[in-house]
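# Inside the fold
Each chain, letter by letter, is given below.
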Amino acid sequence: MTSKPRSQTPKPTIAPRKAPRQERARATVEAVLDATADVLRDHGYDGLTTNKVADAAGVSVGSLYQYFPGKDALVIAVLLRYAEHQQAAFLAALTKVAMAPIPVVIDAVIDVLTEQQESDPQLAFVLMNQLPRVGEMGEVIAYNEEKIAVPLHAFLLSRKDDLADLDLRAATFLLTHAIPPLLQRMRISRPTKEQRRAVFRELRRMLVAYFTGGR
């Protein structure tokens, strides 16, 4: 007797249906993503629905579904946009101080991290702590955490003569996997502004000592 295969719950489709090409379509997509962020702030991931998003964006659900097949596709698009803004700010700061003394470089990076912690904390809390961390969505989150590793490693290589004797690939791996969990933990515990800044001061001291070897 052959047993029937177990039914499996289909994975949610997270890829956008199509990319907007005309200005009006791009404006619609941006309005939908802004509305998604607003609903996430107010209701969290579990309270997000396509109906709420369409209502907040002032569009029909049918218009929303032209571009996004469901809730998770909306969340992924917001997550990618959020991550791209953070990555751009990090890379801009790194480029601006690329040849400065290492403590100055670290100051610039800490300034970016501080600003990002204090900007839009409610949305960041949802994106970093409420989203499912499994399957395709987890892969996207991991990809965003890794995306900074290539330019960071390139920077470390360009400044290796100014650094302590480090394994730069290991250092890159350490930084890209140690700092995001710290930021996530701060989102969960929600410290005061002064407590956050105290943590970043200690992080700066640690990074300066690590990279310069106390020189």
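Residues numbered from 1 in each chain as written. Predicted model: local features only at pLDDT ≥ 70, side-chain atom pairs only at ≥ 80, totals over all residues. Heavy atoms only, no water.

## What about the overall build of the chain?
In plain terms, the rule: Every helix listed is a DSSP run of H or I at least four residues long, and every strand listed is a run of E at least two residues long, numbered separately from the N terminus. Relative accessibility thresholds used throughout: buried, under 20% of the residue-type maximum; exposed, over 50%; partly exposed, between the two (1.4 Å probe, protein chains only). The contact rule is simple, with two residues in contact once any of their heavy atoms fall within 4.5 Å. All accessible-area figures derive from a Shrake-Rupley calculation using a 1.4 Å probe, and residue coverage is judged against the displayed protein chains alone.
Regarding its fold elements, the chain presents ten helices and zero strands. The order of helices and strands in the chain, counted from the N terminus, is α-α-α-α-α-α-α-α-α-α. The proportion of buried residues among the 215 residues of the chain is 41%. Pairs at least 24 apart in sequence give 72% of the contacts found in the chain among residues at least 6 apart. A total accessible area of about 12800 Å² is found for the chain, and carbon and sulfur atoms account for 55% of it.

## Brief notes about the pattern of salt bridges
Operational definition: Think of a salt bridge as a Lys or Arg side-chain nitrogen and an Asp or Glu carboxyl oxygen that are within 4 Å of each other.
All chains considered together, the criterion is met by eleven salt bridges. Across the pair Asp 107 and Arg 204 runs a salt bridge, and its minimum N-O distance is 2.2 Å. Taken together, the residues span a long stretch of sequence, with Asp 107 in helix α5 (residues 102-118) and Arg 204 in helix α10 (residues 193-212) at a distance of 97 residues. When its relative accessible area of 26% is taken as the criterion, Arg 204 is described as partly exposed. A salt bridge links Glu 194 to Arg 201; the shortest N-O distance between them is 3.1 Å.

## Comments concerning the packing of helix α6 (residues 121-129) against helix α9 (residues 168-189)
Cut-off, in case you're wondering: In this analysis an axis means a line fitted to C-alpha atoms, helices contributing only their contacting stretch, and an angle means the value between N-to-C directions, from 0 to 180 degrees. An angle below 35 degrees is treated as roughly parallel, one above 145 as roughly antiparallel, one from 65 to 115 as roughly perpendicular, and anything else as oblique. In this scheme, a crossing is called left-handed if the near helix is turned counterclockwise away from the far one by less than a right angle; it is called right-handed if the turn is clockwise. We call Asp, Glu, Lys and Arg charged. Ala, Val, Leu, Ile, Met, Phe, Trp, Tyr, Cys and Pro are nonpolar, and the rest, Gly among them, are polar.
Where α6 meets α9, the axes come as close as 9 Å, and the angle between the chain directions of the two elements is 120°. One element, α6, and the other, α9, form an angle in the oblique class. The interaxial crossing formed by α6 with α9 has left-handed handedness. Here Pro 121, Ala 124, Phe 125, Met 128 and Asn 129 of α6 lie close against α9, whose contacting residues are Pro 180, Leu 183, Gln 184, Arg 187 and Ile 188. Class assignment for the residues of the contact of α6 with α9 results in seven nonpolar, two polar and one charged.

## With respect to the confidence of the model for the chain
Put simply, the rule reads: As a per-residue measure, pLDDT reflects the predictor's confidence and takes values from 0 up to 100.
Per-residue pLDDT for the chain averages 85, and the proportion of residues at 70 or more is 86%. Looking at the elements of the chain, mean pLDDT is at its lowest for helix α7 (residues 135-146), recorded as 70, and at its highest for helix α2 (residues 50-57), recorded as 96. This model gives residues 1-12 a pLDDT under 50, and the stretch forms three contacts once residues within four places in sequence are excluded.

## Concerning the packing of aromatic side chains
The test is simple: A pair of Phe, Tyr and Trp rings is counted when the ring centres sit within 6.5 Å of each other, with Trp represented by its six-membered ring. The angle between the planes then sorts it: under 30 degrees is stacked, over 60 is edge-to-face, the rest tilted. A ring is scored as having a charge over it whenever the NZ atom of a lysine or the CZ atom of an arginine sits within 6 Å of its centre and within 35 degrees of its normal.
Here the structure, examined in full by the defined rule, presents one aromatic pair. Ring centres 5.1 Å apart and planes at 65° place the aromatic pair Tyr 210 and Phe 211 in the edge-to-face group. In this structure, Lys 71 is placed above the aromatic ring of Tyr 45, and the distance from its NZ or CZ to the ring centre is 4.1 Å. Here the basic side chain of Arg 190 rests over the ring of Phe 125, its NZ or CZ set 4.0 Å away from the ring centre.

## Concerning α10
To keep things clear, this is the line we draw: The span one expects for a helix is its residue count, reduced by one, times 1.5 Å. Picture the helix axis, draw a direction to every C-beta atom, and the arc is the one those directions span.
A rise of 1.5 Å per residue sets the reference length of α10, with its 20 residues, at 28 Å; its end C-alpha atoms lie 28 Å apart and thus fit the reference within 8%. Of the residues making up α10, those classed as buried are Arg 196, Phe 200, Leu 203, Leu 207, Val 208, Phe 211 and Thr 212. Buried residues in α10, looked at end-on, bunch into an arc of 135°, giving them a common side. Structural note: α10 exposes Arg 205 and Met 206 on the side pointing more than 90 degrees away from its buried face. Its buried side turned inward, α10 meets α5, α8 (149-158) and α9. Looking at the residues trailing α10, positive phi occurs at Gly 213, about 65°.

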